[in-house]
Amino acid sequence: MNRLVFLCLLFFLSAPVSGFAQIPQSMADDFSPLDGYVIMPVDQEYLVDLDASKGLREGDILTLVEQGEKVIHPVTKEILGSLDRAKGFLQVTRLKAGYAYARLLSADIVPQKGDPIRRYEQVPAQITGLQSPLDTELKATLPHLEWLDEVTSETPQLVFGLVGKRLVVKDSAGMVLKSYPFLGEEPALISPPVETHVASAPVAASAPSIAPAAGPVGIPTAGIVPADGSAQKSQTPAIIQQAKQESGLWMGPNLRGNQVGFSVGDFDGDGRQETAIATEDYLLINELVQGVLTQEAKVEFAKGTSLLSVDTIDLDGNGLPELYLSAASGNKLSSQVVEFSNGSYKNTISGMPWFFRVGELPGEGRTLLAQPVAEGEDPYSENMFRVLRSGNELTEGQSVPLAKEVNVFSFLPLADAEGQQLYAYLTKGDYLKVITATGDDLWESSEYFGGSKVSFYATDPDGQELVTPVYVQQRLLKTTNGDIISAQNEGNRTLQRFRTYQKSRIVALGWNGFAMQERWRTADQEGYLADFALADADNDGQVELVTLMQYQRKNLIRKGRSTVVIYELNP
């Protein structure tokens, strides 16, 4: 991997790329060289003397550089560069003040104290699915990468390609490292598609039909593991509750795109429940009746809008619930409202600078709440408030005085045996916690709950993008018997920027006066649980536990695999 490193490369990196039609200047900045040194090994990682103040980011790849012979001009004697060699690579995992942690990507070397490093120097990179002039512009903008042919036996550490409306850079594991807006998009429209899917038959333990729910929302009739964890592998992957096995698990067809959330309601007033599924880029309105899933509409949004969550409530009181979508555009919130009007779904309100969530408040029931994002390291430090609506205008209502650690996405009120008002919520670190109304701590879980892949990057007071993304935490819901149900995604939370989850379940817990005690859980699903709801999604007249599962995330080299999974409920 020898290469003559000329000083003129610095000219290419420092020169503006405004002459390029589609490569943003921020890409040249993000991949610009940074020089440093290995400080020391720590456990299975290494400390390096670079940090965020120098522009380093989690996921950046650092090259272990073996410095070679200097290249000297024979006449002027000017040093033009050196014949440096890349002998290995590290990837940044955590940032601290004055240093950073990095893991070794190369198995055949052992970094030593004082080894020189340079960010992205001679890192093997590959372009997939891009045509000229974009691929040519990429190589001209980032000439210090080791560009590989599209067909090669060498494994690239970086893969560049288009995903929807963005130019995305992924590492060798398929994780997104960088994402940039791709110029030249057409304006988004709302169009009614005519696509129908016939869902697969219900997956059942002993019968091909779905067992109807026998009463109010309570325990699922399939897919459950008892609280003592005594389920045997030989038993059904459906529900096991006190060694009882019944049918009642339904899985829908494959869904396209990367889903971020869903909501169920009769949005068009036809007497049947629709399921609105939000992907990163658009909103799908589906209807499921007697096993047939029909796509009724597709709602697209303005260029650069990235959806984060979706909730539904009839805030204007016209009898039709609206869809309130938290969304971002760049580093700013740009939330949206979609509703059925005059025979079609319309994006009636856009660009709201708030997160939306329909939450439950004591004495009020379901309420649309909002929270602006704060500038700085604590993006949820602003107070949440009730949302008021008049026509197509949303305004800030009365504030909700909760403890500052509680954000709008994941809290629920509950009461103890004496009637004292308590709150359960998911912490920033994905632990379930119970506090009093005044904020006193009562209990915190020892295991993770929630777990989200949905995030965006906010800015600090100086307008600089924060190193740590703002995650949209999972919701908490309550059954009619008072149990709290939570998603529990299991996976890698070490890197704040690159979370991965391989296994998930729904867990129901009840407050016993001292701690949250597990009541039941669904059997594990081998994938990421993106969202869940208690609703009559299949229009059979009974409320079900509905989950949105992502089994494989869509990226440059593979298609996404997601679906809706429905569990019938018994009291």
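Residues numbered from 1 in each chain as written. Predicted model: local features only at pLDDT ≥ 70, side-chain atom pairs only at ≥ 80, totals over all residues. Heavy atoms only, no water.

J.: With reference to specific residues and values, describe the overall build of the protein.
T.: Along its length, the protein carries three helices and 45 strands. Within the span of the protein, comprising 571 residues, buried residues form 53% of the whole. Considering only contacts within the protein whose residues lie at least 6 apart along the sequence, 55% involve residues at least 24 apart. Per element, the accessible surface of the protein, about 25,200 Å² overall, is 50% carbon and sulfur. (Helix = DSSP H or I, 4+ residues; strand = E, 2+ residues; numbered from the N terminus. Buried < 20%, exposed > 50% of the residue type's maximum accessible area, 1.4 Å probe, protein only. Contact = heavy atoms within 4.5 Å. Areas by Shrake-Rupley, 256 points an atom, 1.4 Å probe, with all protein chains shown as cover.)

J.: So what about the sheet that holds strand 32 (residues 393–399)? Which residues, and what values?
T.: In spatial order, the strands read 29-30-31-32; together these four strands make up an open sheet with antiparallel pairing. Either end of the sheet is taken by a strand with one partner, and the two such strands are strand 29 (354–361) and strand 32. Mean inter-strand twist for the sheet, computed between neighbouring axes without regard to direction, equals 50°. Judged from the two bridges that link them, strand 30 (residues 365–372) and strand 31 (residues 385–390) form a sheet pairing that is antiparallel. If you follow Ala370 over to strand 31, its bridge partner there is Phe385. (Pairing = 2+ DSSP bridges. Axes fitted to C-alpha atoms, helices over the stretch in contact; angles between N-to-C directions.)

J.: How would you explain the side chain of Asn407 if you had to name every residue and give the values?
T.: With respect to the element layout, Asn407 can be found in the loop between strand 32 and strand 33 (411–415). At a separation of 2.8 Å, a polar atom in the side chain of Asn407 contacts the main-chain amide nitrogen of Phe409. (Polar contact = N/O pair within 3.5 Å; in protein donor to acceptor, adjacent residues only side chain to side chain.)

J.: Help me get a handle on the pairing of strand 36 (residues 441–448), residues and values and all.
T.: Here strand 35 (residues 431–436) runs beside strand 36; their pairing, made up of four bridges, is antiparallel. Paired with Tyr431 across the bridge in strand 36 is Tyr448. What sits between the antiparallel neighbours strand 35 and strand 36 is a turn of four residues, in which Gly439 has the positive phi angle 95°.

J.: If you had to explain the environment of Tyr37 to someone new, which residues and values would you point to?
T.: Inspection of the secondary structure assignment puts Tyr37 in strand 2 (residues 35–42). In this structure Tyr37 comes out as partly exposed when scored by relative accessible area, which is 47%. The sequence separation of Tyr37 and Val48 amounts to 11 residues, and the corresponding C-alpha distance is 5.7 Å. Beyond its immediate stretch of four places on either side in the chain, Tyr37 contacts Leu47, Val48, Asp49, Gly114, Asp115, Pro116 and Ile117.

J.: Quick rundown of the nonpolar core? Include the residues and the values.
T.: In terms of nonpolar packing, the biggest core is built from 56 residues, with Leu283, Leu323, Leu325 and Phe355 touching the most fellow members. Among all residues touching Leu283, those that are not within four sequence positions of it are Ala276, Ile277, Ala278, Ala297, Lys298, Val299, Phe301, Leu307, Leu323, Leu325 and Val338. (Core = buried A, V, L, I, M, F, W, Y, C linked by side-chain atoms within 4.5 Å.)

J.: Describe the pairing of strand 10 (residues 124–127), naming the residues involved and giving the relevant values.
T.: Alternating positions in strand 10 separate into two faces, Pro124 and Gln126 on one and Ala125 and Ile127 on the other, with burial throughout. Pairing geometry for strand 10 and strand 11 (residues 146–147), over two bridges, is parallel. Considered in strand 11, the bridge of Pro124 is made with Glu146. Taken together, the three bridges between strand 10 and strand 12 (residues 158–163) define a ladder with parallel strand orientation. Counted as the bridge partner of Gln126 is Val159 from strand 12.

J.: So what's going on with the confidence of the model for the protein? Residues and values would help.
T.: Taken residue by residue, the protein gives an average pLDDT of 81. The fraction at 70 or more is 82%. The low-confidence segment residues 1–21, where pLDDT is below 50, has 47 contacts with residues more than four positions distant or belonging to other chains. Low confidence marks residues 184–217, where pLDDT is under 50. Its contacts with residues over four positions away, or in another chain, come to 86 contacts. (pLDDT = per-residue confidence, 0-100.)

J.: Residues and numbers for the side chain of Ser309, please.
T.: Counting through the fold element by element, Ser309 comes out in strand 24 (residues 305–313). Note on Ser309: relative accessible area 4%, which makes it buried. A distance of 3.1 Å separates polar atoms of two side chains, one belonging to Ser309 and the other to Ser326. With near-sequence residues (within four places) excluded, Ser309 lies in contact with Val260, Tyr324, Leu325, Ser326, Phe356, Arg357, Phe409 and Val472.

J.: Describe in detail the pattern of salt bridges, supporting the description with residues and values.
T.: In a structure, side chains of opposite charge can pair up when their charged atoms sit close to one another. The final tally for this structure, using the stated rule, is 24 salt bridges. Salt-bridge contacts for Lys178 lead to Asp60; the nearest nitrogen and oxygen are separated by 3.1 Å. Here Lys178, found in strand 14 (residues 176–181), pairs with Asp60, found in the loop between strand 3 (45–48) and strand 4 (61–66); they are 118 residues apart in sequence, far enough to count as distant. Where Glu300 meets Lys298, a salt bridge forms, and the shortest distance between an N and an O atom there is 3.6 Å. Connected via shared salt-bridge partners are Asp311, Arg357, Arg475 and Asp531. (Salt bridge = Lys/Arg side-chain N within 4 Å of Asp/Glu carboxyl O.)

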